[in-house]
Amino acid sequence: MISAVIFDFNGVLVDDESVHFELFREVLEQEGVKITSRDYHDRYLGYDDAGCFEHALADHGQSYDQDRIAGMIARKGKRYFEVAEKGLRYFPDAAAALRRMTDRYPVAINSGALRAEIVYTLDKLGAQEHVSAIIAAEDALRCKPDPAGYVQALDALRLTHSELELQPEQCLVVEDSTAGIQSAKGAGMKAVGITQTYTAAELTAAGADATIDALSELTPAWIEATFAPSPTR
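Anyway, here's the lowdown on the structure attached to this text. (Residues numbered from 1 in each chain as written. Predicted model: local features only at pLDDT ≥ 70, side-chain atom pairs only at ≥ 80, totals over all residues. Heavy atoms only, no water.)

Topic: the overall build of the protein chain
A tally of helices and strands in the protein chain yields 10 helices and six strands. Relative to its length of 233 residues, the protein chain is compact, with a C-alpha radius of gyration of 17 Å against a globular reference of 17 Å. Every one of the 233 residues in the protein chain was classed for burial, and the buried ones make up 50%. A fraction of 64% describes how many contacts in the protein chain between residues 6 or more apart in sequence connect residues 24 or more apart. For the protein chain, the accessible area works out to roughly 10,500 Å², and carbon and sulfur atoms hold 49% of it. Placing the 22 positive and 37 negative side-chain charges of the protein chain at their respective mean positions leaves the two points 2 Å apart. (Helix = DSSP H or I, 4+ residues; strand = E, 2+ residues; numbered from the N terminus. Rg over C-alpha atoms; globule rule 2.2 N^0.38 Å. Buried < 20%, exposed > 50% of the residue type's maximum accessible area, 1.4 Å probe, protein only. Contact = heavy atoms within 4.5 Å. Areas by Shrake-Rupley, 256 points an atom, 1.4 Å probe, with all protein chains shown as cover. Lys, Arg positive; Asp, Glu negative; His and termini not counted. Charge placed at Lys NZ, Arg CZ, Asp CG, Glu CD.)

What about the pairing of strand 1 (residues 4–7)?
Burial of strand 1 is two-sided: the residues Ala 4 and Ile 6 facing one way and the residues Val 5 and Phe 7 facing the other way are all buried. Across four bridges, the pairing between strand 1 and strand 4 (residues 171–175) is parallel. Note that in strand 4 the partner of Ile 6 across the bridge is Val 173. (Pairing = 2+ DSSP bridges.)

Thoughts on the sheet that holds strand 3 (residues 133–135)
Here we have six strands laid out as an open sheet, ordered 3-2-1-4-5-6, and parallel in their pairing. Bordering the open sheet on either side are strand 3 and strand 6 (210–212), each of which pairs with just one other strand. Each strand of the sheet is rotated relative to its neighbour by a mean of 25°, with strand direction disregarded. Bridge count between strand 4 and strand 5 (residues 190–194): four bridges; the pairing is parallel. (Axes fitted to C-alpha atoms, helices over the stretch in contact; angles between N-to-C directions.)

Description of the nonpolar core
In this structure, Ile 6, Leu 28, Phe 53 and Met 189 are the most contacted members of the largest nonpolar core, which totals 41 residues. Considering every element that reaches this core, the biggest residue donor is helix 7 (residues 148–160), with five residues. Setting aside its immediate chain neighbours within four residues, Leu 28 contacts Val 33, Ile 35, Phe 53, Ala 56, Leu 57 and Met 72. Core analysis: the next-biggest nonpolar cluster, separate from the first, contains 40 residues, Phe 7, Val 12, Ala 127 and Ile 134 among them. (Core = buried A, V, L, I, M, F, W, Y, C linked by side-chain atoms within 4.5 Å.)

Looking at the environment of Arg 25
Here Arg 25 shows up in helix 1 (residues 17–30). At a separation of 3.0 Å, a polar atom in the side chain of Arg 25 contacts the side chain of Glu 22. (Polar contact = N/O pair within 3.5 Å; in protein donor to acceptor, adjacent residues only side chain to side chain.)

Topic: the pattern of salt bridges
Enumeration over the complete set of coordinates arrives at 19 salt bridges. Among the salt bridges present, the one from Arg 79 reaches Glu 26, with a minimum N-O distance of 2.8 Å. Taken as a pair, Arg 79 in helix 4 (residues 66–84) and Glu 26 in helix 1 lie far apart in primary sequence, 53 residues in all. Assessed through its relative accessible area of 27%, Arg 79 is described here as partly exposed. When the shortest N-O distance is used, the salt bridge between Arg 68 and Glu 31 registers 2.9 Å. In this pair, Arg 68 sits in helix 4 while Glu 31 sits in the loop between helix 1 and helix 2 (37–44), placing the two residues 37 residues apart along the sequence. (Salt bridge = Lys/Arg side-chain N within 4 Å of Asp/Glu carboxyl O.)

Right under this line is the structure:
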């Protein structure tokens, strides 16, 4: 049975993928690189800030070092909060979904977003108390589609809920991107794709065990019915 739920963040709880694209585009253009929304969707969405900048620069024949990437991340982060202060959009039922999950399961977030962005949004949603652990861009050893972040999220939940003796197959991941689905499955977890960024077919092809169209569908009853253990003979 599912014993813990791990959420992605951008594109799952906060409706800001278009904001991130515009800020990536803005910062990259300052570096002499132009990307389109299709480039972002097909090539870069799912990476953390460092991964997106590194791959975009490399794709355009530019070299980089840690200082250059760190500077780009800092510029994008500053602009993100300028935009956020004007008002971010949250997916319907985001706060309620976190509360519903916490009533039944320990909850974590694993995201390529910066920790400050995640904490800011959870505070706006009034949902900080519903999240036991956060693995943010600064924490992850490698970005999605590598499974490292979800392995780290499991380790963090084991520390906060040692009594559950959690195993990877007992964790359900909620993801909006194909890279995120691949990351979750690589960590040995169950994955549900939410069709807020990619189609159900794309998410299923990436390995999603099930798909939903909105967070309102994500309830403990749905999880238990969808991921109930197969009866043994």
